[in-house]
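Secondary and tertiary structure notes
Given next are the chains, with one letter for each unit.
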Amino acid sequence: MLRPQDTATRERKSLDGLWAFRLDAESTGRDARWFAGPLTDSVEVPVPASYNDIYADAAVRDHVGDAWYQTTVRVPRGWAGERIVLRFDAATHAASVWLGETHVVSHEGGYTPFEADVTELVTAGEEYLVTAAVNNELTFETIPPGYIEDQGHRRHQKYFHDFFNYAGLHRTVWLYSTPKSYVSDITVVTDVDGSTGVVRYAVEASGEGGADVEVTLRDAEGAVVATGTGADGELRVDGANLWGPGHGYLYELEARLVSGGETVDSYLQTVGIRTVEVRGTQFLINGEPFYFTGFGKHEDSPVRGKGHDDAYLVHDFALLDWIGANSFRTSHYPYAEEVYDYADRQGIVVIDEVAAVGQNMGLAGGVFGTQGFTTFSPETFNDKSQEAHKQAIRELIARDKNHPSVVLWSIANEPESDTEEAERYFEPLFALTRELDPSRPVGFVNVMLAPHGKCRVSQFGDVLMLNRYYGWYVNTGDLEGAEKAWREELEAWAGDGKPIIITEYGADTVAGLHATVAVPWTEEYQVEYLDMNHRVFDSVPAVVGEHVWNFADFQTSLGIFRVDGNKKGAFTRDRKPKAAAHLLRGRWQNLA
Ligand code: BDP
């Protein structure tokens, strides 16, 4: 799905800013047609942002159900005769949208975009109400899952992951124009042949039709390096400047629809020429072994929650650079598209993950206090859940397929994976991912409860991604025992002959808490814990990457085992380094 752009033939208008906002705990707004006029009894809310932490109000923070957003938009005068589209970069977790009194689109899935063609509903120069009912409820049939507990005095959202269930309009909302004949999709897959870069493209056109496709590929200086005609084809670039880790070199593919010598539509797609391949126990980028250093991250910051923020984007990447990290995982959902664009330009490598986190009732029982469920059953994760999961994979790949930074798809985090039901549930999801994108490896993130020999899903992955907490959740405070147990398990996995990425290892650490003899929660313990892990990784050649959990401390749901959130960050929530950050900096700069 293409992002809105300003080009010679297109314009866009951001609807970000303060919108009217009203909670609807009783779910009366839809029947009462709150979209039909200005939202009464409303306050103002910033877009983009999560609404939860904006006000000093527990009812907002813990709200379950619809939250109504409304703004007005004037369609630019100059857009007469154009196709006009209303687009939400994300609404967490589901939304229904009206333009004036007309329902224009509904969408499920909190981290991928959706849009509505509103051409027939608007007149250029006129003003319209845009209303969205954004729903944050999680069920066994949503990705991620959860369930709602009716506690009499309130409905309480339970879920099986630790990060706080932030909700709202987390990303930009756009009104944009395209011509009536328009480029509706572009797919680019690259290859390298000697010193020649190969760019295979496919351009989809929609609308009135009758136009031919022409493409021009330009280098970073704007010089034309290749041209082509036809809806799909192959471009060759002699002496190509490859995209690679630390080298965010991008070409630009201009796709034009041309009719009678006139350009009808033009869309600009950045292209990084690179290859990705798994060979034996190696992960190769441009034919060179790549070792991932970095973090599992979260979209999380004070006040704005999961709202996208360019200041945090640039700052977080500056910290990745400072610490010597070359990559991160978008744990546990697709991030804002700005993040991938920036990663492309910065040469940062991304493991891109769907929002399938928490499909594990074994883990949920112990850690999240939500006992008594079976993971895969008609009442819990069933065919509808699987269909939602498939849709989440489709939308992820449709959105992110052209980013050179994305080198690996992660289709779930720590699901149950040691049962026959799990095997049956996941096999088709791997097949779907490969069918949608044969050009990238695919994997899922394995949990400690399904160790080597027990896991029945890792057989489907091109790589093994392991989250392990030896020395934290097990062998707590006993790093010697942890080291022994961890090495033993890792050596067993290495026998599978696939590359292994340690996608999580970490220890909760309160910044400023110290001890002479390292004990859990102190900065000293986090340092010794990481050191121990690194000794283990360095002794197993199949390990091709280490992602510390987490980049920064982040907010979690209430509970008795987190104090103001998850404290496994190398940085605090406000991005100050803990002692561990200096340790990592030494190691990763050395590895680089
Ligand atoms: C893992 C999860 C991650 C948690 C982490 C933790 O993948 O989302 O935050 O554990 O407990 O199970 O810190």
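Because the structure is predicted, anything quoted here is derived from the model rather than measured.

1. As for the domain arrangement of the protein chain
Assigned domains within the protein chain: domain 1 (11-178) and domain 2 (181-274). Each of domain 1 and domain 2 has a C-alpha centre, and the two are 35 Å apart.

2. Let's talk about the pairing of strand S8 (residues 114-117)
Only one face of S8 is covered, namely the one carrying Phe114 and Ala116; the face carrying Glu115 and Asp117 has none of its residues buried. With four bridges connecting them, strand S5 (residues 83-88) and S8 associate as antiparallel partners. By the bridge assignment, Arg87 is partnered in S8 with Glu115.

3. As for helix H7 (residues 479-494)
Taking 1.5 Å per residue, 16 residues should reach 22 Å; H7 reaches 22 Å between its end C-alpha atoms and fits that length. Buried residues of H7: Leu479, Ala482, Glu483, Trp486, Glu489, Leu490 and Trp493, and no others. In an axial view of H7, the angular spread of the buried residues amounts to 145°, which keeps them on one side of the axis. With respect to the buried face of H7, the exposed residues turned more than 90 degrees away are Glu480, Lys484 and Glu488. Buried residues along H7 sit in contact with strand S27 (442-446), strand S28 (464-467), strand S29 (500-504), helix H8 (523-538) and strand S30 (543-549).

4. A short note on the sheet that holds strand S7 (residues 102-108)
Within a sheet, each strand pairs with its neighbour through backbone hydrogen bonds, oriented either parallel or antiparallel. Spatially, the six strands line up as an open sheet ordered S3-S2-S4-S9-S6-S7, and their pairing is antiparallel. Each edge of the sheet is formed by a strand with only one pairing partner; in this case those strands are strand S3 (43-47) and S7. Between one strand and the next, the sheet's axes are offset by a mean angle of 30°, whatever the strand orientation. Bridge analysis of strand S4 (residues 66-74) against strand S9 (residues 127-135) gives nine bridges, and the strand direction is antiparallel. Bridging across to S9, Tyr69 finds its partner in Ala132.

5. Some details on the site of the ligand
The environment of the ligand is formed by 13 residues, the closest being His332, Glu414, Tyr473, Glu504 and Lys568. Contact distances for the ligand include 2.6 Å between an oxygen atom and a side-chain N or O atom of His332. Glu504 is positioned such that a nitrogen or oxygen atom in its side chain is 2.8 Å from an oxygen atom of the ligand. Its free accessible area being 320 Å², the ligand has 90% of it covered by the protein chains. Partitioning the shell around the ligand into residue classes produces four nonpolar, four polar and five charged.

6. What to know about helix H9 (residues 579-591)
The terminal C-alpha atoms of H9, which comprises 13 residues, lie 19 Å apart, in line with the 18 Å expected from a rise of 1.5 Å per residue. On the buried face of H9, the contacting elements are strand S23 (292-296), helix H2 (310-323), H8 and S30.

7. Things to note about the packing of H8 against H9
The geometry of H8 relative to H9 is characterised by a closest axis approach of 8 Å and an angle of 25° between their N-to-C directions. Classified by the interaxial angle, the pair formed by H8 and H9 is roughly parallel. With respect to the hand of their crossing, H8 and H9 are arranged in right-handed fashion. Residue-level inspection shows Glu523, Gln526, Val527, Leu530, Asp531, His534 and Asp538 of H8 in contact with H9, the latter providing Ala579, Ala580, Leu583, Leu584 and Arg587. Residue composition of the contact of H8 with H9, grouped by class: six nonpolar, two polar and four charged.

Reading the values: the criteria
Residues numbered from 1 in each chain as written. Predicted model: local features only at pLDDT ≥ 70, side-chain atom pairs only at ≥ 80, totals over all residues. Heavy atoms only, no water. Domains from an automatic or database assignment. Buried < 20%, exposed > 50% of the residue type's maximum accessible area, 1.4 Å probe, protein only. Helix = DSSP H or I, 4+ residues; strand = E, 2+ residues; numbered from the N terminus. Pairing = 2+ DSSP bridges. Expected span 1.5 Å × (residues − 1). Arc of directions from axis to C-beta. Contact = heavy atoms within 4.5 Å. Axes fitted to C-alpha atoms, helices over the stretch in contact; angles between N-to-C directions. Near = heavy atom within 4 Å. Polar contact = N/O pair within 3.5 Å; in protein donor to acceptor, adjacent residues only side chain to side chain. Areas by Shrake-Rupley, 256 points an atom, 1.4 Å probe, with all protein chains shown as cover. Nonpolar A, V, L, I, M, F, W, Y, C, P; charged D, E, K, R; others polar. Parallel < 35°, antiparallel > 145°, perpendicular 65-115°, else oblique. Left-handed = near helix turned anticlockwise from the far one by under 90°.

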